[in-house]
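Report on the structure
What follows is each chain in one-letter form.
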Amino acid sequence: AQKVTQAQTEISVVEKEDVTLDCVYETRDTTYYLFWYKQPPSGELVFLIRRNSFDEQNEISGRYSWNFQKSTSSFNFTITASQVVDSAVYFCALSDPYNQGGKLIFGQGTELSVKP
Amino acid sequence: DAGITQSPRYKITETGRQVTLMCHQTWSHSYMFWYRQDLGHGLRLIYYSAAADITDKGEVPDGYVVSRSKTENFPLTLESATRSQTSVYFCATGPGTTKNIQYFGAGTRLSVL
């Protein structure tokens, strides 16, 4: 069965600190997709990134970067020089590989608080 | 054009009452999903639909009913609400392949007293 674990329930940092959110997944399939979503205090879920299981290249987008390592089944998310606007709950998710519309299996979420 | 709209945004009801949460999309995505969000559980899939008149259970379907007579609408009904169904409900849509992103509505916060 597929499973996503975000062991960090809450993280609190001071503005400008770097912070890494951990995501560990379990799946027996060789083809899958991994996602990160952001849920700001307003409540909506905002897509951040999708990663193909065959593409282990790290990705950087501005202050955000993602480290995908199949060997450790991890897909960690780093925010560099954090800002107050980064305060949110962040979810890691895994797509169901059997093409059932791409059902997402979510981790429990990590609540990030960035203090000024 | 919001793309995906959930209504109502907030709802308070009593145990035993029937409640329907609405979800409407303008993208013509084939797949639609209902998730519930609870502390410590992340988001869990309740039901999903691959097309009009095709629905299937997710991880936590008990106590919920769905229908999809039109591609754009996917209502979720709690036939007899219970306190354990107090949650935030999210509707999502997707084009229908595993590589595609799901797009989420703003959510409905439901309280069952």
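The present account deals with the structure reproduced in this document.

**Quick notes on the packing of aromatic side chains**
As enumerated under the stated definition, the model contains 22 aromatic pairs over all chains in all. Note on Phe106(A) and Tyr35(B): the rings are 5.6 Å apart at their centroids and 85 degrees apart in plane angle, and the pair reads as edge-to-face. One end of the pair, Phe106(A), is in strand β11 (residues 104–106); the other, Tyr35(B), is in strand β4 (residues 31–38), on a second chain. Here the two residues Phe106(A) and Tyr35(B) agree in accessibility, since each one is buried. Through a chain of ring-to-ring contacts, the aromatic side chains of Phe35(A), Tyr37(A), Phe47(A), Phe91(A), Phe106(A), Tyr31(B), Phe33(B), Tyr35(B), Tyr48(B), Phe90(B) and Phe104(B) assemble into a single cluster.

**Considerations on the interface of chain A and chain B**
With 22 residues of chain A at the contact, the number on the chain B side is 20 residues. Approximately 1,800 Å² of surface area, both sides summed, lies buried where chain A meets chain B, with 59% of it carried by carbon and sulfur atoms. In this structure, the connection of chain A to chain B is made through 0 salt bridges. Across the chain A-chain B interface, the total number found is 3 residue pairs in polar contact (both at pLDDT 80 or more). Of all the secondary structure elements, the ones that give two or more residues to the side of chain A that touches chain B are β5 (33–39), β6 (46–52), β10 (88–95) and β11 of chain A.

**Comments concerning the pairing of β4(B)**
All names here are of chain B. Extensive coverage of β4 is indicated by the burial of 8 of its 8 residues. Residues Tyr31, Phe33, Tyr35 and Gln37 point to one face of β4 and Met32, Trp34, Arg36 and Asp38 to the other, with burial holding for every one of them. As paired strands, β4 and strand β9 (residues 87–94) are joined by 7 bridges and run antiparallel to one another. Considered in β9, the bridge of Trp34 is made with Cys91. Bridging between β4 and strand β5 (residues 42–51) involves 7 bridges; their strand directions are antiparallel. Within the sheet, the bridge partner assigned to Met32 lies in β5 and is Ser49.

**Focus: the state of the cysteines**
Residues and elements named next belong to chain A. If you walk through the whole model with that rule in mind, you get 2 disulfides over all chains. At a sulfur-sulfur separation of 2.0 Å, the disulfide partner of Cys23 is Cys92. The sign of the S-S torsion, about -65 degrees, decides the handedness of the disulfide formed by Cys23 and Cys92: left-handed. Placement of the pair is Cys23 in the loop between β3 (19–21) and β4 (24–26) and Cys92 in strand β10, with a sequence separation of 69 residues. Under the relative-accessibility criterion, Cys23 is labelled buried at 0%. Overall, Cys92 belongs to the buried group, its relative accessible area being 0%.

Conventions we followed
- Residues numbered from 1 in each chain as written.
- Chains lettered and ligands numbered in written order.
- Predicted model: local features only at pLDDT ≥ 70, side-chain atom pairs only at ≥ 80, totals over all residues.
- Heavy atoms only, no water.
- Phe/Tyr/Trp six-rings, centres within 6.5 Å; stacked < 30°, edge-to-face > 60°.
- Helix = DSSP H or I, 4+ residues; strand = E, 2+ residues; numbered from the N terminus.
- Buried < 20%, exposed > 50% of the residue type's maximum accessible area, 1.4 Å probe, protein only.
- Contact = heavy atoms within 4.5 Å.
- Buried area = accessible area lost by both parts, 1.4 Å probe.
- Salt bridge = Lys/Arg side-chain N within 4 Å of Asp/Glu carboxyl O.
- Polar contact = N/O pair within 3.5 Å; in protein donor to acceptor, adjacent residues only side chain to side chain.
- Pairing = 2+ DSSP bridges.
- Disulfide = S-S within 2.5 Å.

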